[in-house]
Amino acid sequence: MHNNCIYLDNNATTKVDPQVVEAMLPYLTEYYGNPSSMHTFGGQVGKAVLEARKQVGALLGANESEIVFTSGGTEGDNAAIRAALLAQPDKRHIVTTQVEHPAVLTLCKQLEKQGYTVTYLSVNRQGQLDLDELEASLTGNTALVSIMYANNETGTVFPIEEIGLRVKDKGALFHVDAVQAVGKIPMNMQTSKIDILTMSGHKIHAPKGIGALYVRRGVRFRPMIIGGGQQRGRRGGTENVPGVIALGKAAELELLHLEEATAREKRMRDRLEQALLATIPDCEVNGDITQRLPNTTNIGFKYIEGEAILLMLNQKGICASSGSACSSGSLEPSHVLRAMGLPYTTLHGSIRFSLCRYTREAEIDAVIEVMPGIVERLRALSPFKSDEAGWLQEQEQVLAHR
Ligand SMILES: *Cc1c(COP(=O)(O)O)cnc(C)c1O
């Protein structure tokens, strides 16, 4: 299987860096010892795991003892939320936002059925929170505030430290899903208000199925996965050693490249965005363009279906996304864009392009080249053309009956 596609879907997953593959391979072949074993053969694997812990800690500005390896972002979010609730059994209230990843939202929905109260903070048209609304939602009963650092669909970045100040003022635990922010925004847990942070390997050029939690020293953390005493009792189970080594290497590379790669990605992202806005009528950028990940643009093309755009891009070998990968396959509009109150006409025609340090200028050129024609062809077929009012009415009715 080979591929030479133009890959602009890096918020869904990323290519494993060849240096990461190289670093992990010996732990699939030669060094198969158990890191918890007493013998030297296992012990040297244990040392490599410790080294990886330090590398991940360095990326976050954290101590290695504060890093807990997980199977990825979803486990991290679940474990963080459950840990916070288990540690404070008398508190029954959670604050989160309407635009979180399903790893957080679906769990919160389930916790509501189990008797917890959840506040889902709303966002404005730019996808930003109202910090006064956040503050007003906090009570003595609030166990946890779980808010993402940056949104996977729009790239909108929340003012995490300002939020943290208000959260800590009220004595709640502060969990941050930083899966999209790690490696794109410099972080220093030493000066941060974050108590628990989630990251995932496959969003930063490590393989799928590995991730980490940062758990601030002193924060009471009750494990979700219970077993042997691995990872100081915070996550049972023999570590996914090749994954752990890979995550360590990926973290080292992210730190090394952060400044120069994000500047380059931002330049290319802005060029793509400006070219599309200039050449295609009736389109707009979704999200907060002043507080945004450097690699992400989400653009709404009015009157057409995002899925149709994706299919036509796909035929040209270009990979993009219409929102979260989890909800693609259905024509349900994105919960994030819906929470932002986008009009129906753009809600369905939004496309996300997400870049990485491997993105080349020529790939951006190719997208700039094909997009105007794709949008024009789809609009020519769109029933909206002949009867905008009728089309809109029909679509609103469909939505209302869902
Ligand atoms: C991808 C993603 C996750 C889930 O991570 P997995 O490692 O795929 O389980 C969680 N939160 C955000 C914001 C993400 O982008």
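Our structure's up above, just so we're on the same page.
Computed from a predicted model, the values in this text were never measured in an experiment.

1. Regarding the overall build of the chain
Next up, step 1: Across its full length, the chain carries 12 helices and 12 strands.
Next up, step 2: By the compact-globule yardstick of 21 Å for 402 residues, the chain fits well, its C-alpha radius of gyration being 22 Å.
Next up, step 3: Along the longest, intermediate and shortest principal axes, the C-alpha atoms of the chain span 75 × 50 × 35 Å.
Next up, step 4: Across the 402 residues in the chain, those meeting the buried criterion constitute 57%.

2. Considerations on the nonpolar core
Next up, step 1: Membership of the largest hydrophobic core comes to 63 residues, with the highest contact counts inside it found for Leu 60, Ile 147, Tyr 149, Ile 163, Leu 197 and Met 199.
Next up, step 2: With eight residues, the top contributor of residues to this core is helix α7 (residues 241-279).
Next up, step 3: Both domains that furnish three or more residues to this core are identified here as domain 1 (2-10 + 259-400) and domain 2 (18-255).
Next up, step 4: Residue contacts for Ile 147: discarding those within four places in its chain leaves Thr 97, Glu 100, Leu 121, Leu 129, Leu 134, Phe 158, Ile 160, Ile 163, Phe 174, His 175, Val 176 and Asp 177.

3. Regarding the pairing of strand β4 (residues 117-121)
On a regular strand, each side chain points to the face opposite its neighbour's, so the side chains alternate between the two faces of the sheet.
Next up, step 1: As paired elements, strand β3 (residues 93-97) and β4 share five bridges and run parallel to each other. Along β4, the bridge assignment pairs Thr 97 with Leu 121.
Next up, step 2: Assessed by its sense of winding, the connection that carries the chain from β3 through helix α4 (residues 102-113) to β4 is right-handed.

4. As for the packing of aromatic side chains
Next up, step 1: The full count for this structure, using the stated rule, is two aromatic pairs.
Next up, step 2: When the centroid spacing of 5.5 Å and the interplanar angle of 35° are considered together, the rings of Tyr 27 and Tyr 31 count as tilted.
Next up, step 3: Measuring from centroid to centroid gives 4.9 Å for Tyr 32 and Phe 41, while their planes differ by 75°, and the two rings are edge-to-face.
Next up, step 4: Judged by its relative accessible area of 62%, Tyr 32 falls in the exposed class.
Next up, step 5: Classification of Phe 41 as partly exposed rests on a relative accessible area of 30%.
Next up, step 6: In this arrangement the basic side chain of Lys 15 is found over the ring face of Tyr 358, its NZ or CZ atom lying 5.4 Å from the centre.
Next up, step 7: Just above the ring of Tyr 120 sits the side chain of Lys 109; from NZ or CZ to the centre is 4.7 Å.

5. Some thoughts on the site of the ligand
Next up, step 1: Taken together, 13 residues lie around the ligand, and Thr 74, Asp 177, Gln 180, Ser 200 and Lys 203 are the ones closest in.
Next up, step 2: Separating a nitrogen atom of the ligand from a side-chain N or O atom of Asp 177 is a distance of 2.7 Å.
Next up, step 3: In the model, an oxygen atom of the ligand is placed 2.7 Å from a nitrogen or oxygen of the Gln 180 side chain.
Next up, step 4: Contact with the protein chains hides 88% of the accessible area of the ligand, taken as 380 Å² for the molecule alone.

6. A short note on the sheet that holds strand β7 (residues 196-200)
Next up, step 1: What the seven strands build is an open sheet, ordered β2-β8-β7-β6-β5-β3-β4; its pairing is mixed. Edge positions in the open sheet fall to β2 (67-70) and β4, since each of these has one partner strand only. Averaged over all pairs of adjacent strands, the angle between their axes in this sheet comes to 20°, without regard to strand direction.
Next up, step 2: Pairing of strand β5 (residues 142-148) with strand β6 (residues 173-177), which is carried by five bridges, proceeds in the parallel orientation. Paired with Ser 146 across the bridge in β6 is His 175.
Next up, step 3: Contacting β3, β4 and β5, α4 runs over the sheet at an angle of about 145° to β4.

7. Overview of helix α3 (residues 73-87)
Next up, step 1: Between its first and last C-alpha, α3 extends 21 Å over 15 residues, near the 21 Å set by a 1.5 Å rise per residue.
Next up, step 2: Along α3, 12 of the 15 residues are buried, which leaves the element largely enclosed by surrounding structure.
Next up, step 3: If you check which residues of α3 are buried, you get Gly 73, Glu 75, Gly 76, Asp 77, Asn 78, Ala 79, Ala 80, Ile 81, Ala 83, Ala 84, Leu 85 and Ala 87.

8. A few points about the state of the cysteines
Next up, step 1: Summed over the entire model, instances satisfying the criterion amount to zero disulfides.
Next up, step 2: Summary of cysteine pairing: Cys 5 is not part of a disulfide, and the nearest cysteine sulfur, belonging to Cys 319, is at 3.6 Å.
Next up, step 3: Assessed through its relative accessible area of 27%, Cys 5 is described here as partly exposed.
Next up, step 4: Free of any disulfide, Cys 356 has its nearest cysteine sulfur in Cys 5, 11 Å distant.
Next up, step 5: For Cys 356, a relative accessible area of 8% puts it in the buried group.

9. Notes on the sheet that holds strand β9 (residues 283-285)
Next up, step 1: Spatially, β9-β10-β12 is the arrangement adopted by the three strands of the open sheet, whose pairing is antiparallel. Unpaired on one side and paired on the other, β9 and β12 (350-354) mark the two borders of the sheet. Between one strand axis and the next, the sheet turns by 25° as a mean value, whatever way the strands run.
Next up, step 2: Pairing between β9 and strand β10 (residues 296-301): three bridges, direction antiparallel. If you follow Val 285 over to β10, its bridge partner there is Ile 299.
Next up, step 3: Packed onto the sheet, α7 meets β9, β10 and β12 and runs at close to 10° relative to β10.

10. What about the packing of α7 against helix α11 (residues 361-381)?
Next up, step 1: Between α7 and α11, whose axes approach to 10 Å, the crossing angle comes to 15°. The pairing of α7 with α11 is recorded here as roughly parallel in orientation. As α7 runs across α11, the sense of the crossing is right-handed. Contacts between α7 and α11 pair Met 268, Arg 271, Leu 272, Ala 275, Leu 276 and Thr 279 from the former with Glu 361, Ile 364, Asp 365, Val 367, Ile 368, Met 371 and Pro 372 from the latter.
Next up, step 2: Residue composition of the contact of α7 with α11, grouped by class: nine nonpolar, one polar and three charged.

Calculation notes
- Residue positions are counted from 1 within each chain, in the order its sequence is given.
- Only residues with pLDDT of at least 70 are given local features in this predicted model, and only at 80 or more are side-chain atom pairs given and counted; all residues enter the totals for whole chains, interfaces and linings.
- In computing side-chain values, all of the structure's heavy atoms are included and hydrogens and water are not.
- Here a strand is any run of E in DSSP of at least two residues, a helix any run of H or I of at least four, and the numbering for each starts at the N terminus.
- Two things to know: the radius of gyration comes from C-alpha atoms, and the globule rule equals 2.2 Å times the number of residues to the power 0.38.
- Note on exposure labels: buried denotes an accessible area under 20% of the residue type's maximum, exposed denotes more than 50%, and partly exposed covers the range between, all computed with a 1.4 Å probe on protein chains only.
- Buried Ala, Val, Leu, Ile, Met, Phe, Trp, Tyr and Cys residues form a nonpolar core when they are joined through side-chain atoms within 4.5 Å.
- By convention here, the domain bounds are inherited from an automatic or database domain assignment.
- Whether two residues touch is decided by their heavy atoms; if any such pair falls within 4.5 Å, the residues are in contact.
- A pair of strands is labelled paired if DSSP reports no fewer than 2 bridges between them.
- A crossover counts as right-handed when, viewed with the strands pointing away from the observer, the path leading from the first strand over the helix to the second turns clockwise.
- Here a pair means two rings of Phe, Tyr or Trp (six-membered ring of Trp) with centres within 6.5 Å. Their orientation is stacked below 30 degrees between planes, edge-to-face above 60, and tilted elsewhere.
- In our convention, an over-ring charge means Lys NZ or Arg CZ found within 6 Å of a ring centre and within 35 degrees of that ring's normal.
- When at least one non-hydrogen atom of a residue lies within 4 Å of a molecule or strand, that residue is treated as near it.
- N or O atoms within 3.5 Å of each other form a polar contact, as long as, within protein, one can give a hydrogen and the other can take it, and as long as residues adjacent in sequence are counted only when both atoms are side-chain atoms.
- Working definition of accessibility: Shrake-Rupley area with a 1.4 Å probe, residue cover restricted to the visible protein chains.
- Fitting a line to C-alpha atoms yields each axis, with helices limited to the stretch in contact; the angle taken between N-to-C directions then spans 0 to 180 degrees.
- How far a helix is expected to stretch is found by multiplying one less than its residue total by 1.5 Å.
- Any two cysteine sulfur atoms within 2.5 Å of one another count as a disulfide.
- The labels follow the angle: roughly parallel below 35 degrees, roughly antiparallel above 145, roughly perpendicular from 65 to 115, and oblique for the rest.
- Two helices crossing with the near one rotated counterclockwise from the far one by less than a right angle form a left-handed crossing, whereas a clockwise rotation gives a right-handed crossing.
- Basically, the charged four are Asp, Glu, Lys and Arg, the nonpolar ten are Ala, Val, Leu, Ile, Met, Phe, Trp, Tyr, Cys and Pro, and anything else, Gly included, counts as polar.

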